[in-house]
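Architecture at a glance
Residues per chain are reported as follows:
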Amino acid sequence: MPQPICFSDGTYYDCSQYPAVSDALIEYPDICTVNAKSFQFKVVVVLCFSDLSIVVFPKNYKELLFGKTYISESKTLIKTLLRYRRENLLEENERKYLYGDSQLNGNRIASAFFLLEDYCQNGYITRQSEISTMGQSGSIDWVSTVNKQNPVFSNRRPVYTDPIVRKRKIDNNNIVHLTHRYVISECFKEWGWLFDYDSSIDYTSPLPLPINETIDALRKELQQTFLAREVHVIRELINYMSEISGSDKIKKLDIIATPYFSFVWEAICGFLFDNQYSRLKSLLPQPIWESEIVNGSIAQRPDIFYVNDALFILDAKYYNYTHNIPGWHDVVKQMFYRHTMVSIRESREYQRVLPFQKEIFNAFLFPGNDQDLLYVGKVYVPKLVDMGEVRAFAINQEKAMDTYSKRESSGFCAMLQSKIREYF
């Protein structure tokens with residue numbers, strides 16, 4: 001199985017050092033820009049193409065060492081992208097990279113990842129068949145025994161010395177079991193590295209029927225299956241097989257990616273700080289266009305409202321803060337969010353919803369790779385105290401993604417929230 005080659009989003013790499021990568025992706029400029037001497041990824045991605053497995057981590061993730069594989073981190077990245085894909089309303093251009101199109105295939109890797117995780121925890125789906133036999137222990141089939149066996153009589157009573165018994169045994173020729181073995185073997189060939197798998201998986205499990213016939217058989221089995229795990233596995237087997245069937249003639253990139261990791265970072269930070277925006281957005285004063293000539297509407301839309309003993313207005317910024325920082329537009333917008341909330345905090349509605357949150361604070365949240373939470377600095381306008389200040393923090397991106405992907409809402413989250421409050 002191929003080992004992944006790891007890169008960082010937005011970093012330039014030498015084509016001569018990775019010729020197979022630059023050659024394979026030159027026809028996909030939306031994913032990777034390839035020049036005469038260098039190439040640069042434009043997406044955060046896990047992809048498989050031919051014999052290549054490639055993982056592109058977010059910018060400012062950590063220093064990636066040449067030739068080292070990052071299995072655990074790659075697994076976390078896939079889980080993060082899959083959770084974001086599943087839980088958020090996606091723009092059409094996002095769906096292209098997370099679900100696929102005529103060139104990209106996002107569903108096969110999602111199905112493969114689920115099937116591999118399920119297999120490592122639960123093994124193959126098995127079916128049992130009932131057989132009739134003699135000379136073994138089991139439940140006696142009295143009807144068959146009386147009809148087919150000659151008894152001997154003892155004290156005028158019939159005795160059946162070799163009764164027919166019913167016995168259940170594993171049916172290794174069941175279509176679901178055989179298809180499951182085949183798909184798992186195929187998944188491990190391409191994606192087994194994600195699980196550090198070194199066991200002797202059977203890589204020669206054949207497909208029991210042609211693909212389309214196998215899919216039809218699985219759909220029939222699905223109608224007769226009521227166990228939740230088996231229903232989910234069979235559905236993913238159908239998804240996986242359908243992607244193979246639909247891509248026989250045109251080879252697609254198997255990919256889970258996003259060119260908009262800023263949206264993912266916002267979702268991660270929203271989870272870390274228990275985002276209350278949906279609950280509180282009705283409080284936020286909104287600008288109104290009034291004109292007899294033009295029609296238009298604009299809206300204030302902060303990223304995150306975190307509520308504790310104060311209201312914190314947080315802006316998740318997917319920046320490498322060592323190279324660039326939020327500009328005038330971002331700073332003024334953040335200050336105005338606070339200004340408008342301060343202006344209504346004495347209102348009846350504000351006090352009804354947030355009776356104890358008199359203080360309102362502002363912060364940028366960057367991805368970091370060192371400390372759990374690093375205070376970067378603050379921006380303010382001298383002599384304009386009423387505008388407040390926007391403090392900036394860098395959050396350990398590896399731990400943040402791991403927490404988000406596993407839905408672990410305590411521990412790291414509680415620590416971050418506590419430290420943010422201390423800084424204010």
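Here the structure is shown first, and the text comes after it.
Residues numbered from 1 in each chain as written. Predicted model: local features only at pLDDT ≥ 70, side-chain atom pairs only at ≥ 80, totals over all residues. Heavy atoms only, no water.

Turning our eyes to something else, we now look at unusual backbone geometry. A positive phi angle, close to 60°, is found at asparagine 60, a residue other than glycine. Relative to the assigned elements, asparagine 60 resides in the loop between strand S6 (52–57) and helix H2 (71–87). Phi at lysine 383 takes a positive value of approximately 75°, unusual for a residue other than glycine. Here lysine 383 is to be found in the loop between strand S17 (373–380) and strand S18 (389–396). The class of lysine 383 is exposed, set by a relative accessible area of 85%. (Helix = DSSP H or I, 4+ residues; strand = E, 2+ residues; numbered from the N terminus. Buried < 20%, exposed > 50% of the residue type's maximum accessible area, 1.4 Å probe, protein only.)

The next point concerns the pattern of salt bridges. Applying the stated criterion across every chain, the model contains 16 salt bridges. Arginine 108 is paired through a salt bridge with glutamate 190; the nearest N and O atoms lie 2.9 Å apart. Of this pair, arginine 108 sits in helix H4 (residues 107–122) while glutamate 190 sits in helix H6 (residues 175–191), and the two are 82 residues apart along the sequence. The residues arginine 108 and glutamate 190 share a single accessibility class, namely buried. A salt bridge links lysine 189 to glutamate 186; the nearest nitrogen and oxygen atoms lie 3.1 Å apart. Here lysine 189 pairs with glutamate 186, and both are found in helix H6, just 3 residues apart, close to one helical turn. Shared partners join several salt bridges into a network, and the residues in it are Arg83, Glu87 and Arg407. (Salt bridge = Lys/Arg side-chain N within 4 Å of Asp/Glu carboxyl O.)

Before going further, it helps to spend a moment on the sheet that holds strand S7 (residues 104–105). Reading across from one edge, S1-S6-S5-S13-S7 is the order of the 5 strands in this open sheet, with mixed pairing throughout. Looking at the sheet topology across the chains shown, the edges are occupied by strand S1 (5–8) and S7. Pairing between S7 and strand S13 (residues 253–258): 2 bridges, direction parallel. From the neighbouring strand, leucine 104 faces S13, where its bridge partner is leucine 253. Contacts between H4 and the sheet are confined to strand S5 (44–49), S7 and S13, with S13 contributing the most and set at about 90° to the helix. (Pairing = 2+ DSSP bridges. Contact = heavy atoms within 4.5 Å. Axes fitted to C-alpha atoms, helices over the stretch in contact; angles between N-to-C directions.)

Before going further, it helps to spend a moment on the pairing of strand S15 (residues 311–316). In terms of residue burial, S15 counts as a mostly covered element, since 6 of its 6 residues are buried. Burial of the side chains of S15 extends over both faces: Leu311, Ile313 and Asp315 are buried on one face and Phe312, Leu314 and Ala316 on the other. Pairing analysis gives 4 bridges linking strand S14 (residues 304–307) to S15, with the strands arranged antiparallel. Its bridge partner lying in S15, isoleucine 304 is registered against leucine 314. Here S14 hands over to S15 after 3 residues, the two strands then running antiparallel side by side. Summarising the sheet, S15 and strand S16 (residues 360–368) pair through 6 bridges and their orientation is parallel. Paired with isoleucine 313 across the two strands is asparagine 362, which belongs to S16.

Let's shift gears to the environment of phenylalanine 361. Mapped onto the fold, phenylalanine 361 is located in strand S16. Between the alpha carbons of phenylalanine 361 and glycine 388 there is a distance of 8.0 Å; along the sequence they are 27 residues apart. Setting aside residues up to four positions removed in sequence, phenylalanine 361 forms contacts with Ala310, Leu311, Phe312, Ile313 and Phe424.

Between H2 and H4, whose axes approach to 11 Å, the crossing angle comes to 115°. Classified by chirality, the crossing of H4 by H2 is left-handed. Of the residues in H4, those touching H2 at Lys75, Ile78, Lys79, Leu82 and Arg85 are Asn107, Ile109, Ala110, Phe113 and Glu117. (Left-handed = near helix turned anticlockwise from the far one by under 90°.)

What follows is about the side chain of glutamate 73. Mapped onto the elements, glutamate 73 comes out in helix H2. If near-sequence neighbours (up to four positions away) are discounted, glutamate 73 is found in contact with Phe57, Tyr61, Lys62 and Glu398.

What follows deals with helix H13 (residues 397–406). Those residues of H13 not exposed but buried are Gln397, Ala400, Met401, Thr403, Tyr404 and Ser405. Contacts made by the buried residues of H13 are with H2, helix H9 (261–272), S16, S18 and helix H14 (412–423). Regarding H13, its N-cap is asparagine 396, as a side-chain oxygen of that residue lies 3.2 Å from the backbone nitrogen of glutamate 398 further along. Immediately beyond the C-terminal end of H13, within one or two residues, lies arginine 407, with a positive phi of roughly 60°. (Polar contact = N/O pair within 3.5 Å; in protein donor to acceptor, adjacent residues only side chain to side chain.)

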